[in-house]
Each structure stands twice: as structure tokens, then as C-alpha cells.
Amino acid sequence: MIDMTGVETMADPPRVQARLRPDAVAYECDGRSVTFAEFDARTNRVADRLLMEGFRPGDRIAILAKNSELFFEILFGAIKARVTLAPVNFRLAPPEIAYTLEDAGAKLLFLSKDFEEPARKALAQLKSRPKVIALDGAASDADYPAWRAQGAAIDPMLPIGPDDDVLQLYTSGTTGHPKGVQLTNANYLAFLRIASVVPGFDFNVGETVLNAMPQFHVAGANIGIIALSSGSRTIVLRDLIPSAIIDLIQRERVNHAFFVPAVIMMLMQAPEIDGADLSSMKSISYGASPIAEDLLVRARQRFGCDFLQLYGMTETAGAATYLPPAAHDPALGKLRSCGVAWPGIDVEVRGPDGKPVPVGEVGEIYIRAPMVMKGYWNKPEATAEAIQGGWYRSGDAAYQDAEGYFYIHDRVKDMIVTGGENVYPAEVENAIFGHPDVADVAVIGVPDEKWGEAVKAIVIAKPGAPQDAASIIAWARERVANYKVPKSVDFVAAIPRNPSGKILRRELRAPFWEGRTRMVG
């Protein structure tokens, strides 16, 4: 449970935990471990070193690395120095890495050797090259352990303002350049306060939390921040390998974890899941993309622990609604819901006129909360479009039932219009996913001369299963309205997803719409 006693700024969690439990393990990764006292001292050294480098409040630094405990000591060290960390998505191509570094104005780049080559190509494209600090032996201007050691272990105790940017996370958009989301000290303090009363985030002192999702993503960063603030032990997983996750759960007696649905699916399909001792698990939180009801039911049965669904976005520090463990009882009929609003957060479904729509009617999700971002870095027009009257426009299509539960259909822009009827891909995907031969599925709209757009399913068949399009169409026809049933099914080996697990529908749609001036029917 998060105890906010003594936490007045986001620089305080390391200080508080170092005082309360100095010798307990804070983070572990690849056989390395650091206690809360050691972690706090390291963040002080990072802060002092940044100040020695001449960094001023609001300056940006970047990190391009796989998951490690170093991410969090650099993050909290930067906070103590009033410097903002801007993590770089390590799956980006060199031009995209260059764009992120240039957009952030990063003056320093912490780099792991895994990405030495793409970083070299990206840096060559920059007009102003940041200083490179090697985390683990990459070619660089300085070695991180030596660089850090030059800083004093004395806390600078700088005054941290509520509007100070803590993290600048780049959105994983499917079109155009990503935008830098400015999340402030006030945003994260509010996040911790509210998370402390959300069922499923009750990490306790001494419990073990698995930090498996990419740390450049809001979920990966948040889990490590919550665990630290709770006095829990965090095991950071460097590479997302299903067999390694299952092994860690058993060997380290993991109690809590966050996974995107795609990872839950991989875990359930891993041979190692059979016979694994998962009895230590107390909760699994999940989100970032829709989950098929069939997968959710099977995962809950296998893991035998509480499941907590989270709906939010980077722009709201990952918070908006949650489906509590109690609501995961299939008998309640809420498994397709993303839940109710977090305490202290206002969530509304609005129509095109910006006014709330009646219960049961589909509209766009609007969010008002103390966690809503300050804005998009250096993009005032995009900020003004996203935040209107204090409300953040999510771009997600949803409806609310009479009990206050929200149901996300899909991104507004991904909606399929066929014969004047609206079809939301996630609804069709959820129906198809329960087919015994289907391992994964994505639904898109493709050009149709008669209907404008036709529904197409892109399917990964389970190993050894027949690729029977007619069977899948018949299965869907029994579960959704006829106009939502796929008119065709393509079988593929892989479905493209972004780091948070969301289907990259634009990539799937592109070949079918090539040469057309419009991407809709």
C-alpha cells in the first residue's frame, strides 16, 4: 500500500523508503540488486552529477536502453536536479530516434550497448549532438558508473515545483511523429494518491513486483514508481520472454505484475505455463489494448489471482478507469468493460457536439483529472486540440451502461463504416478470438464498391490448426450482427503491434487502400 506520509514531491519516495527500510532490496535486475539506502544515494549522485554538468531546471536528458534498475535511479536523480527524463523507444529506427532526441532537446543520452549502432546513425543526423553516457560499455563520451561516482551522495534538496516536468514520454502514435507528453510533479503526486486506493495496486512492504513492460512506456514506468513508493521489491525484466517471466514468478515468488493483453496471450500459449507453480501471484493488472473475454477467463483460471484492468493513456499518466477484481466475475457480465472512473477522476462520453450522450450511446471519452498532462512539448496547437476546457479528448469510442461501467469500442479513427453502419474492430475481434483455432486476430476495414468498406479479419491460426475462413466467419456470425461479420479472412504469421500491444491497423490497412486518395470508404 502506498504511504504518502512525507511525500510532498516526486523527489521524496527514495528518501522516505531509505529512511524506513534502508537495508531492504529496492530493485533487482540480471542478478544485480540495490537496497533502498543505496538507491537513494545513487539518485543523489546522479542529481549532483547533472548539476555539475551545468543542467538547469527544465533541461532534458534521454535514455535509450532496455529495461534495467538504472532507469529509475536516473529518473529520480533527474527529478532531484529538476531535470526531465525523456525515454526513447528502443524499437524505433535511427531517423525516429534522431527526431525524438532533437524534439526533446536532449543534452545527454544514457545508452546501452544493445542500441549502439542505431544510436550512432541517429546521432549523425543531429545538428546538436548530446553527450553520450554508456550504461554498459557502449562507445561513448563517458562510462556511467564512473560518471555517477564523480557526483556527491549528498541530496541537493532543491525545491521541486508542482509544474516541474517529471517525465516526457513520447506517444506511440500510428501516424506522424510522436508527441512528447509532459507529465509533471503534480500529475504524479496525484497519480500516487489515487492509486493508493485502487484495488489491485495494494503492493505491500516486502512483496515482489515484476516490472516487465518497456520503461519508455507509461505502464512500465508507473509500475516501478508505485512499487518503490510502496516499499516493495521490484524485479526488472530486461527482455520480455514468456518462459523467463514464468520462471521468475516461480523462482522469485512474484506477487504482482502488469502485462498488456498480448503478453498475457503469449504466457498462456507458452509450454512452460503447464504445471508452473503460480501460487505466489496476488494480482495481475493489464491494459493498453482490448483483451478478448475468452483469454481473460482462461488466464484468471490459470493464474488464480486477482485481475485488474486499467484504461488510460500517456496523456493521463495511465489513469482513467479501472475494472476492479470483484467485477471480473463472469456472472456479472462486465468482462468486456474497462470499468468505472478512478476516484477523483471525471470521465464522460460525449457526442460530436461535445455534449454528454445518453446511457448506452456511443461517443468519445473525455477525461478531467489532476493527472492530465501539462501538454505536448513544443506543440501548443496539438495541446489545445487535445485539452479543451480542462477536459482531455481521448479519441476513443465508448459507451457507458446504467451502472456506470464504460465499454471501449475502439479508437474513433479506426471505426469501420459499412453500408452506413458503424463497426468497431475490437468488438468483432473479441467475438472471433474465442474460436478454438484462432491464436490472434485483428479486424480492419477494406474498400468495397457496394458498401464503402467491408470488414476483414486478419488471423493467426494456432499451431497445427486448419486455416478455415468459413469456420471463422460462421463463428462470428453467431456472435455479432450480420453487418459486423467479416466478409473475408486472411491468415498471416504475425500481426504488427506497437510497444504497448496496440494493433497497428494502419499497417494492415495500407496495402488494401494503396493508390486511393481517401483511407475510408
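Just so we're clear, the structure is a prediction, and the values are computed from it rather than from any experiment. (Residues numbered from 1 in each chain as written. Predicted model: local features only at pLDDT ≥ 70, side-chain atom pairs only at ≥ 80, totals over all residues. Heavy atoms only, no water.)

Draft legend 1. Representation of the overall build of the protein chain. When you go through the protein chain residue by residue, the secondary structure sums to 15 helices and 27 strands. In terms of overall dimensions, the protein chain is globule-like: its C-alpha atoms have a radius of gyration of 23 Å, near the 24 Å expected for 521 residues. Once the C-alpha set of the protein chain is aligned to its principal axes, its extents read approximately 70 × 50 × 45 Å. Counting only residues that meet the buried cut, the protein chain has 58% of its 521 residues in that class. Looking at the protein chain alone, contacts between residues at least 24 apart form 66% of all its contacts between residues at least 6 apart. (Helix = DSSP H or I, 4+ residues; strand = E, 2+ residues; numbered from the N terminus. Rg over C-alpha atoms; globule rule 2.2 N^0.38 Å. Buried < 20%, exposed > 50% of the residue type's maximum accessible area, 1.4 Å probe, protein only. Contact = heavy atoms within 4.5 Å.)

Draft legend 2. Quick look at the side chain of Gln309. Looking at the secondary structure, you find Gln309 in strand 14 (residues 306-311). A polar contact of 2.9 Å, which involves the side chain of Gln309, links it to the backbone oxygen of Ser337. Among residues more than four places away in sequence, those in contact with Gln309 are Tyr286, Thr321, Tyr322, Leu323, His328, Leu335, Ser337 and Cys338. (Polar contact = N/O pair within 3.5 Å; in protein donor to acceptor, adjacent residues only side chain to side chain.)

Draft legend 3. How the structure looks around helix 14 (residues 469-477). Here helix 14 has its buried residues at Ile472, Ile473 and Ala476. Projected down its long axis, helix 14 shows its buried positions confined to an angular sector of 100 degrees, all on one face. In this structure, the buried residues of helix 14 make contact with helix 13 (425-433), strand 25 (438-448), strand 26 (452-461) and strand 27 (488-491). With a side-chain oxygen lying 3.2 Å from the backbone nitrogen of Ala470, the N-terminal cap of helix 14 falls on Asp468. (Arc of directions from axis to C-beta.)

Draft legend 4. A look at the nonpolar core. Ranked by internal contacts, the top residues of the largest apolar core, which has 146 residues, are Phe303 and Trp342. Setting aside anything within four residues of it in sequence, one finds Trp342 in contact with Phe191, Ile194, Ala195, Val198, Phe201, Leu310, Ala319, Ala320, Thr321, Tyr322 and Met371. Core analysis: the second largest hydrophobic core is formed by 20 residues, Val88, Ala98, Ala106 and Leu126 among them. (Core = buried A, V, L, I, M, F, W, Y, C linked by side-chain atoms within 4.5 Å.)

Draft legend 5. Looking closely at the pattern of salt bridges. One pass over the full model with this rule turns up 38 salt bridges. Linking Glu53 and Lys131 is a salt bridge whose minimum nitrogen-to-oxygen distance equals 2.8 Å. Of this pair, Glu53 sits in the loop between helix 2 (36-52) and strand 3 (60-64) while Lys131 sits in strand 6 (residues 131-134), placing them 78 residues apart in sequence. By relative accessible area, Lys131 is classed as partly exposed at 27%. Of the charged contacts, one joins Asp164 and Arg82 as a salt bridge, the two residues approaching to 2.8 Å between their closest N and O atoms. Of the two residues, Asp164 is situated in the loop between helix 6 (144-149) and strand 8 (165-170) and Arg82 in the loop between helix 3 (70-80) and strand 4 (84-87); the sequence distance between them amounts to 82 residues. The exposure class assigned to Asp164 is buried, which follows from its relative accessible area of 17%. Among the ionic contacts, a cluster of salt bridges with common partners joins Asp12, Arg15, Asp40, Lys80 and Asp155. (Salt bridge = Lys/Arg side-chain N within 4 Å of Asp/Glu carboxyl O.)

Draft legend 6. Region of the structure containing the side chain of Arg60. Mapped onto the secondary structure, Arg60 falls in strand 3. On the basis of relative accessibility, which here comes to 3%, the residue Arg60 falls in the buried class. A polar side-chain atom of Arg60 sits 3.5 Å from a polar atom in the side chain of Thr84. Within polar-contact distance, the side chain of Arg60 engages the side chain of Asp165 at 2.6 Å.

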